[in-house]
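Chain and residue survey
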Amino acid sequence: MIRNLLKQQALPAPSELTSEVAYFDRRRLLTSTMALMLTGKAGTATAAAATLPALEAARNARFSAAEPLTSYEDITTYNNFYEFGTDKADPQRRAHALRTRPWSVAISGEVETPGVFTLEDILKPHPLEERVYRLRCVERWSMVIPWVGFPLADFLKRFRPTSKAKYVAFTTLRDPKQMPGQRAGWLEWPYVEGLRMDEAMHPLTFLVVGLYGRVLPNQNGAPLRLVVPWKYGFKGIKSIVAIRFTERQPPTSWNSAAPDEYGFYANVNPAVEHPRWSQASERRIGAGLFEATRPTLPFNGYAAEVASLYRGMNLRRWF
Amino acid sequence: MTVAKRYRYLWKPLAFIAALTPALLMLAGGFGIAGRRLGTDPVEDLLLTCGKTALNLLCLTLAVTPVARSAHQPQLLRLRRMLGLFAFFYVLLHFAVYLVLDRGLDVAMIVKDITKRPYITIGFVALVLLIPLAATSTQRMMRRLGRRWQTLHRLIYPISILAAWHFYWQVKRDVTEPLIYAAIIATLLGWRVWHRQRRKPPAPVTSTYGSATAPERT
């Protein structure tokens, strides 16, 4: 079933892996296959990755962290994607039910050219690039992830936002048949997120279609997700079906669910604690039992690039 | 085999091994023994496993008296102290993982956590309250404290409530699991209220221990 699903995925330029992005080389595949045979489970995610189409995308060094990458296995088996369940293993177990083709995104609101666009239309003009970003979850764990995608700004400009467009609102698919987690009411569905226009247009803000040089696995938000590396992970809305340009600040899911705990901005900030826990440190996934805990950096280490967006703002109030 | 011998040589050792198993599995996971590994976020995994095992054992400890009474198996009380001490053992492990692996022994941060974060405060209070119970768990202390021993050990009731609350409060959104623990603890404590009201005026409590004068908690 997964194979058929992938055959439908005619993402741009599926090609053989280039040597620079040879993540899943022969030896690693052999190792993971052997691990699979020996233990029956370890390395399954890595093995499954080999079936996803490869993407042609050179690494953008300017926007890439020089830190050891979190393993593909960890990135694809430890997910917060409540549409598939609240356990971190749920998305990997259940997201195969998500049909990512055909897929379309509705563009509306304060733009000159609204409409419904197919994924092919959306992707066609954009050259893909790879960026290694830190991901800091509000739950105090972090990863380093090689995403494949293109700047959100390049995409948004195509629709010519009007002068009234002050915010961008995003919506995830709502379909409890494909997303069984939506039968539970832990959050209001569909999941919604939003950015201020200058945040959305910032060169770091990334629209993602791939991971580790291959098509994005469903559990990570296929076929199209947002990545805003200086904000907590929940701002990175997954499986986007609608983008709306608005004059007023749009509602966002976690903020609606617990306004005193999750703000609209949700910038990573070690000095502003979550009401129930400190955000001063984080645990790096894959770093080992004794090396995991490390200090959290302001704006997740992207302060030089983004701090100016919030000049003069009280970040305690606008958390 | 007499009942006493069966408990000493069979049921107690079996319960001991069962209660120790989660610790052994964590140890194996930590060192990669027998193909076992900890979760993707190993520190979180250890924290949760220790915490939930402690809660499980706390529930079991609280279940001993109701089950012993209802099933007319007073010998079961012989297992209660060990279960309670194991609960304390896992609470200590939980705390140690938090101090060393999660907080890297950052004293300032730990003090701030305990004083400022309500869910950590109540968890810490539960841990502190367990200390006198563990310290007075010996036969000698039971004899020495007499009736006061029973009064002191009723602390286990507020401790169990704090423990469930501590779990409930740290969960991000899906509170199903903490609510299950809360329901179990409420049932076990509720049984005690019901039982106490039923047997008014209080009948004299007879010890079920062979030799010791261990007063029975209800």
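Because the structure is predicted, anything quoted here is derived from the model rather than measured.

How each quantity is defined
Residues numbered from 1 in each chain as written. Chains lettered and ligands numbered in written order. Predicted model: local features only at pLDDT ≥ 70, side-chain atom pairs only at ≥ 80, totals over all residues. Helix = DSSP H or I, 4+ residues; strand = E, 2+ residues; numbered from the N terminus. Rg over C-alpha atoms; globule rule 2.2 N^0.38 Å. Buried ≥ 20, exposed ≤ 12 C-beta atoms within 10 Å, placed from the backbone. Contact = placed C-beta atoms within 7 Å. Core = buried A, V, L, I, M, F, W, Y, C linked by C-beta atoms within 7 Å. Nonpolar A, V, L, I, M, F, W, Y, C, P; charged D, E, K, R; others polar. Expected span 1.5 Å × (residues − 1). Pairing = 2+ DSSP bridges. Axes fitted to C-alpha atoms, helices over the stretch in contact; angles between N-to-C directions. Parallel < 35°, antiparallel > 145°, perpendicular 65-115°, else oblique. Left-handed = near helix turned anticlockwise from the far one by under 90°. pLDDT = per-residue confidence, 0-100.

1. Describing the overall build of chain B
Of regular secondary structure, chain B possesses nine helices and zero strands. N-terminal to C-terminal, the α/β element order of chain B is α-α-α-α-α-α-α-α-α. What you see for chain B is a C-alpha radius of gyration of 19 Å, in line with the 17 Å of a compact globule of 218 residues. Taken along its principal axes, the extent of the C-alpha atoms in chain B is 50 × 40 × 35 Å. Counting across all 218 residues of chain B, residues that qualify as buried make up 27%. Counting contacts in chain B only where the partners sit at least 6 residues apart, residues at least 24 apart contribute 62% of the total.

2. Description of the overall build of chain A
Along its length, chain A carries ten helices and 13 strands. In chain A, which comprises 319 residues, the share counted as buried stands at 46%. Taking the contacts inside chain A whose residues are at least 6 apart along the sequence as the reference set, 72% of them involve residues at least 24 apart.

3. Digging into the nonpolar core
Across soluble globular proteins, nonpolar side chains have a tendency to be buried as a group. Core analysis: the largest hydrophobic core is formed by 73 residues, its most contacted members being Ile145(A), Trp147(A), Val168(A), Phe170(A), Leu207(A), Val208(A) and Leu226(A). At seven residues, strand β5 (residues 141-151) of chain A tops the list of elements feeding residues into this core. Beyond its immediate stretch of four places on either side in the chain, Leu226(A) contacts Leu152(A), Phe170(A), Glu193(A), Leu207(A), Gly236(A), Ile237(A) and Ile240(A). The next biggest cluster of nonpolar side chains, apart from the first, holds 36 residues, and it includes Ala54(B), Leu55(B), Tyr90(B) and Leu188(B).

4. Quick look at the interface of chain A and chain B
Each partner contributes residues to the interface: chain A has 18 residues there, and chain B has 18 residues. Its residues assigned to classes, the side of chain A that touches chain B comprises nine nonpolar, five polar and four charged.

5. Some remarks on helix α9 (residues 176-198) of chain B
All names here are of chain B. Given a rise of 1.5 Å per residue, 23 residues ought to cover 33 Å, and the 32 Å separating the end C-alpha atoms of α9 matches this to within 8%. Within the sequence span of α9, burial applies to Tyr181, Ile185 and Leu188. On its buried side, α9 packs onto α2 (42-70) and α8 (156-170).

6. Topic: the sheet that holds strand β11 (residues 240-246) of chain A
All names here are of chain A. Reading across the sheet, the five strands line up as β3-β2-β11-β6-β7 and stay open at both edges, with mixed pairing between neighbours. Of all the strands in the sheet, the pair left with one neighbour each is β3 (115-118) and β7 (192-196). Here the average twist between neighbouring strands, direction ignored, is 20°. Strand direction decides the pairing type here: strand β6 (residues 167-172) and β7, joined by five bridges, are antiparallel. Directly across from tyrosine 167, in β7, lies its bridge partner arginine 196.

7. Topic: the pairing of strand β4 (residues 129-136) of chain A
Residues and elements named next belong to chain A. With six of eight residues buried, β4 is to be regarded as a mostly interior element. Bridge count for strand β1 (residues 58-59) against β4 is two bridges, and the pairing is parallel. Its bridge partner lying in β4, arginine 59 is registered against glutamate 130. Pairing analysis gives eight bridges linking β4 to β5, with the strands arranged antiparallel. Paired with arginine 136 across the bridge in β5 is serine 142. The turn joining β4 and β5, which pair antiparallel and follow one another in sequence, is formed by four residues; a positive phi near 85° is taken by arginine 140.

8. Structural notes on the packing of α2(B) against helix α3 (residues 80-102) of chain B
Residues and elements named next belong to chain B. Closest axis-to-axis distance for the α2/α3 pair is 8 Å, and the angle between their directions is 160°. On the basis of their axis angle, the class for α2 and α3 is roughly antiparallel. Once α2 is placed against α3, the crossing between them reads as left-handed. For the contact of α2 with α3, the per-class residue count stands at 18 nonpolar, five polar and two charged.

9. A closer look at the confidence of the model for chain B
Residue and element names in this part refer to chain B. Of the residues in chain B, 92% reach a pLDDT of 70 or more, and the chain-wide mean stands at 92. In the model, residues 210-214 has pLDDT below 50 throughout and makes ten contacts with residues more than four positions away in sequence or in other chains. Overall fold confidence for the complex sits at a pTM of 0.85, while the interface term, ipTM, reaches 0.83.

10. Points about unusual backbone geometry
One can expect most non-glycine residues to show negative phi and most peptide bonds to be in trans. Residues and elements named next belong to chain A. With omega at -10°, the peptide bond leading from arginine 101 into proline 102 counts as cis. With respect to the secondary-structure elements, proline 102 resides in the loop between α5 (90-94) and β2 (104-109). With an omega of 0°, the peptide bond between alanine 222 and proline 223 qualifies as cis. Tracing the backbone shows proline 223 in the loop between β9 (214-215) and β10 (225-227).

11. Section: the environment of Leu20(B)
Within the element layout of this structure, Leu20(B) appears in helix α1 (residues 3-31). Sequence separation of Leu20(B) and Ser70(B) is 50 residues, and the distance between their C-alpha atoms is 27 Å.

12. Examining the packing of helix α5 (residues 118-135) of chain B against α8(B)
Residue and element names in this part refer to chain B. Between α5 and α8, the shortest axis-to-axis distance is 8 Å and the interhelical angle comes to 155°. In terms of orientation, α5 and α8 fall into the roughly antiparallel class. For the element pair α5 and α8, the recorded crossing hand is left-handed. Counted together, Pro118, Tyr119, Ile122, Gly123, Val125, Ala126, Leu129, Leu130 and Leu133 of α5 and Ile156, Ile159, Leu162, Ala163, Trp165, His166, Trp169 and Gln170 of α8 form the full contact between these two elements.

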